[in-house]
Amino acid sequence: NLTHSHFSKNVEAHFAIIRKYAHLIIRLGLGVALAWGAVEGSIFGPEIPLGSIPGGLMWRPILFVVGVMLVFGLFTRIASLIALAAWVCVASAKGAYTLNYINYLGEIMVLLLERTELYSLDEHYRWPSHIFHKKLPQWLEKLKTFGEQYSFPIIRISFGIAVIYAAVSIKVMHPALSIAV
């Protein structure tokens, strides 16, 4: 079963309280990473300067604003869509190397799938989700069910791929990097 193994069910029982705050942590973490990267002139990691991706430095103010929007929970899904566009730009420029940062894609997907209004301006003012929920309740209910079922596997799998790819690319494909550092 993709959603739960025996081990994950046992772990989840111990961390059920934390699950309520997981999306808040994801939203804050991604927001801070994007905003700080914009300040530093890079995206997802210091070795990917904004000038090396399509759109170049135009991304700097966009990513800063998107990061701040995520930190405050302001139009979270719209900010996540823009972050997704940035990830696609990086992937188009860097190819397979982007697998080092596929965990960001997992975080973005979770923010797109699930309601992440906990401690946010979206929750406080009930926008945009409130408007969105009124217009497409049946479709959104399916999305909510899908998100609740698959958000944690998405995070686990994307993080796992990122860690494994980084380990293989550094230790196996480029061992000189390990020695130089």
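Conventions and cut-offs
Residues numbered from 1 in each chain as written. Predicted model: local features only at pLDDT ≥ 70, side-chain atom pairs only at ≥ 80, totals over all residues. Heavy atoms only, no water. Helix = DSSP H or I, 4+ residues; strand = E, 2+ residues; numbered from the N terminus. Core = buried A, V, L, I, M, F, W, Y, C linked by side-chain atoms within 4.5 Å. Buried < 20%, exposed > 50% of the residue type's maximum accessible area, 1.4 Å probe, protein only. Phe/Tyr/Trp six-rings, centres within 6.5 Å; stacked < 30°, edge-to-face > 60°. Expected span 1.5 Å × (residues − 1). Bend = angle between axes of the 7 residues up to and from the residue. pLDDT = per-residue confidence, 0-100. Axes fitted to C-alpha atoms, helices over the stretch in contact; angles between N-to-C directions. Parallel < 35°, antiparallel > 145°, perpendicular 65-115°, else oblique. Left-handed = near helix turned anticlockwise from the far one by under 90°. Contact = heavy atoms within 4.5 Å. Nonpolar A, V, L, I, M, F, W, Y, C, P; charged D, E, K, R; others polar. Patch = residues over 30% accessible without salt bridge, like charges linked within 9 Å, V, L, I, M, F, W, Y side chains within 5 Å. Areas by Shrake-Rupley, 256 points an atom, 1.4 Å probe, with all protein chains shown as cover. Salt bridge = Lys/Arg side-chain N within 4 Å of Asp/Glu carboxyl O.

Describing unusual backbone geometry
Here's step 1: Phi at F44 is positive, roughly 65°, even though this residue is not glycine.
Here's step 2: As for its placement among the helices and strands, F44 is situated in the loop between β1 (42-43) and β2 (45-49).
Here's step 3: Positive phi outside glycine occurs at F75, with the angle close to 50°.
Here's step 4: In this structure, F75 sits in the loop between α3 (59-72) and α4 (76-94).

So, the nonpolar core
Here's step 1: Within the largest apolar cluster, 29 residues are counted, with the highest numbers of intra-cluster contacts made by L34, I43, F44 and L63.
Here's step 2: Taken together, the elements giving at least two residues each to this core come down to α2 (16-40), α3, α4 and α5 (102-113).
Here's step 3: Counting residues per element, this core draws most heavily on α5, at seven residues.

A few points about the packing of aromatic side chains
Here's step 1: Under the definition given, this model contains four aromatic pairs.
Here's step 2: Ring plane angle 25° and centroid distance 6.4 Å describe the contact between F44 and Y101, whose orientation is recorded as stacked. Linking F44 in the loop between β1 and β2 with Y101 in the loop between α4 and α5, this pair joins segments that are 57 residues apart in sequence.
Here's step 3: What makes F44 buried here is its relative accessible area of 10%.
Here's step 4: Where F44 meets Y104, the ring centres are 4.6 Å apart and the plane angle is 35°; that geometry is what we call tilted. With a gap of 60 residues between them, F44 in the loop between β1 and β2 and Y104 in helix α5 connect regions that are remote in the sequence. In this structure, F44 and Y104 share a single accessibility class: buried.
Here's step 5: Put simply, the rings of F44, Y97, Y101 and Y104 touch in pairs and so form one group of aromatic residues.

A few points about α5
Here's step 1: Given a rise of 1.5 Å per residue, 12 residues ought to cover 16 Å, and the 17 Å separating the end C-alpha atoms of α5 matches this to within 8%.
Here's step 2: All of the buried residues in α5 are I102, N103, Y104, L105, G106, E107, I108, V110, L111, L112 and L113.

What about α2?
Here's step 1: The end-to-end C-alpha separation of α2 is 36 Å, in line with the 36 Å expected for 25 residues at 1.5 Å each.
Here's step 2: The principal kink in α2, of about 40°, is found at A22.
Here's step 3: Where α2 is concerned, the buried positions are A22, H23, L24, I26, R27, L30, G31, L34, A35, G37 and A38.
Here's step 4: Downstream of α2 by a residue or two, G41 has a phi angle that is positive, lying close to 80°.

A closer look at the confidence of the model for the chain
Here's step 1: Looking at the chain, pLDDT values average 83 and 83% of them are 70 or higher.
Here's step 2: Ranking the elements of the chain by mean pLDDT puts helix α7 (residues 129-135) last, at 51, and α3 first, at 95.

Side note on the packing of α2 against α3
Think of two packed helices as two axes; the pair is described by the angle between the axes and how far apart they sit.
Here's step 1: The interhelical angle for the contact between α2 and α3, taken along N-to-C directions, is 155°, at an axis separation of 7 Å. For the element pair α2 / α3, the angle class is roughly antiparallel. Regarding α2 and α3, the two cross each other, and that crossing is left-handed. Along the contact surface, α2 presents R27, L28, L30, G31, V32, L34, A35, A38, V39 and E40, while α3 presents R60, L63, F64, V66, G67, V68, L70, V71 and F72.
Here's step 2: Looking at side-chain class alone, the contact of α2 with α3 contains 14 nonpolar, two polar and three charged residues.

Some words on a nonpolar patch on the surface
Here's step 1: Together, V32, W36, V39, F64, V65, V68, F72, L121 and Y125 make up a nonpolar patch on the protein surface, roughly 830 Å² of accessible area in all.
Here's step 2: Within the secondary structure, L121 sits in helix α6 (residues 121-125).

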